[in-house]
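Listed below are the residues making up each chain.
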Amino acid sequence: MRLIIDTDPGIDDALALLYLAAQPGVEIAAVGSVHGNAPAPRTAANARRVLDEAGLRDVPVAVGAHRPLAQPLRTSEFVHGDDGLGGEGGDVDVTRGESAAEQLVRLARANPGRFTLLALGPLTNVALALLLEPDLPDLLDAVVVMGGAIRVPGNRTAHAEANVHLDPEAADLVLGAGFRLTLVGLDVTEAVRVDSAWIDALNASPAPVARFSAAALRYYVDFYTKALGYRTFTPHDPLAAAILLDPTLATYDHLAVGVELTGTHTRGRTVADLRGNRAEGTGHRIAVARTVDTARFHSGLLAALTR
Ligand code: BDR
Ligand code: CA
């Protein structure tokens, strides 16, 4: 499987990259950074740092969109630390060349139907790529997006999940564009929070990738532990990566999903018509993950990070 990854590392993004790097049969062809958990140059540096840690020094990282399409830049250092990587980001230089959107379009045009896109941050780069290349949905094999909340509350606001909240216009464009798309939202990511024993098992591993993951995770675990009152974290982006690799991990609804762009209280809410998967429903349908085999996901993630 050949992947292009659009990402805003981000501690859980970093775990997703490390998880994928450990999978036989997966080729990470290119990575694009996007604003989100930290500004885009910082998330590019973090992506570089994580790929180097995984031994993937040849995988290119393109710096992506510096701000959302139609609202001011907001970032999430309060969840991921000042450097976006729990203090493990380090001082890494990423040379500016083509943008992440340009890289995505170039690779997709040169290899029609060969790449799967995994999008783990706000969807600004993917929206920009669609503006550059309207046939992008036919040029990619599939797209898996971590984002949204269909039947559950948001996390960044009462209604909006963070990746959608940080660029609602981009998300609306991408979800309706006609991609063969799987949406992995809070409905499933919040159902697979790890427990204290899982964190202890990771911390106990001497494997270099586990050491790095455990160090970056400290900040993230503290954030979730304070917010929820028990020791845990939510592996949002690793779950999207795992479902991409093995779609049988989840069950799905097939729904047309739009994004609320004007609501005073609900801007950034992902909205689907849930009245029974009607055949006559309007809009492009996507696969929305509804339930997950949590035990299988937890053991696969731990195995990959402690290898
Ligand atoms: C998403 O927001 C980010 O903070 C995480 O990296 C994840 O992609 C979860 O809402
Ligand atoms: Ca992310």
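Check the entry above for the structure.
Cut-offs applied
- Along each chain, residue indices are assigned from 1 in the same order as the chain's sequence is written.
- Written order decides the labels, with chains lettered from A and ligands numbered from 1.
- Given that this is a predicted model, residues contribute local features only at a pLDDT of at least 70 and side-chain atom pairs are listed and counted only at 80 or more, while totals for whole chains, interfaces and linings are drawn from all residues.
- Buried Ala, Val, Leu, Ile, Met, Phe, Trp, Tyr and Cys residues form a nonpolar core when they are connected through C-beta atoms within 7 Å.
- Burial in this document is a count-based property: other C-beta atoms within 10 Å of a residue's C-beta are tallied, and the residue is buried at 20 or more, exposed at 12 or fewer, or partly exposed in between, with C-beta positions derived from the backbone.
- What counts as a contact is two residues whose backbone-derived C-beta atoms lie within 7 Å of each other.
- Strand pairing is defined by DSSP finding a minimum of two bridges between the two strands.
- Runs of H or I in DSSP of at least four residues are treated as helices and runs of E of at least two as strands, each being numbered from the N terminus.
- Crossovers are described as right-handed under a simple rule: with the strands pointing away from the observer, the path leading from the first strand over the helix to the second runs clockwise.

Enquirer: Give a detailed account of the nonpolar core, specifying residues and quantitative values.
Expert: Counting residues in hydrophobic clusters, the biggest one holds 98 residues, and the most contacted among them are Leu118, Val184, Ala240 and Ile243. With residues near it in sequence (within four places) discarded, isoleucine 243 still touches Val144, Thr182, Val184, Leu249, Ala250 and Ala289.

Enquirer: Tell me what's going on with the sheet that holds strand E3 (residues 61-62), and back it up with residues and numbers.
Expert: Taken in spatial order, the nine strands line up as E3-E2-E1-E4-E5-E6-E9-E7-E8 in an open sheet, and their pairing is mixed. Across the chains shown, the open sheet's two edge strands, defined by having one partner strand only, are E3 and strand E8 (270-272).

Enquirer: Provide a residue-level description of the pairing of strand E2 (residues 27-33), including the pertinent values.
Expert: Relative to E2, strand E1 (residues 2-7) is paired through six bridges, and the arrangement is parallel. Its bridge partner being in E2, leucine 3 is matched across the sheet by isoleucine 28. As for the winding sense of the linkage, the β-α-β connection from E1 through helix H1 (residues 11-21) to E2 is right-handed. In terms of strand pairing, E2 meets E3 through two bridges, oriented parallel. Bridge pairing links glycine 32 to alanine 62 in E3. Handedness of the crossover is the feature at issue here: the chain leaves E2, passes through helix H2 (residues 40-53), returns alongside E3, and the resulting connection is right-handed.

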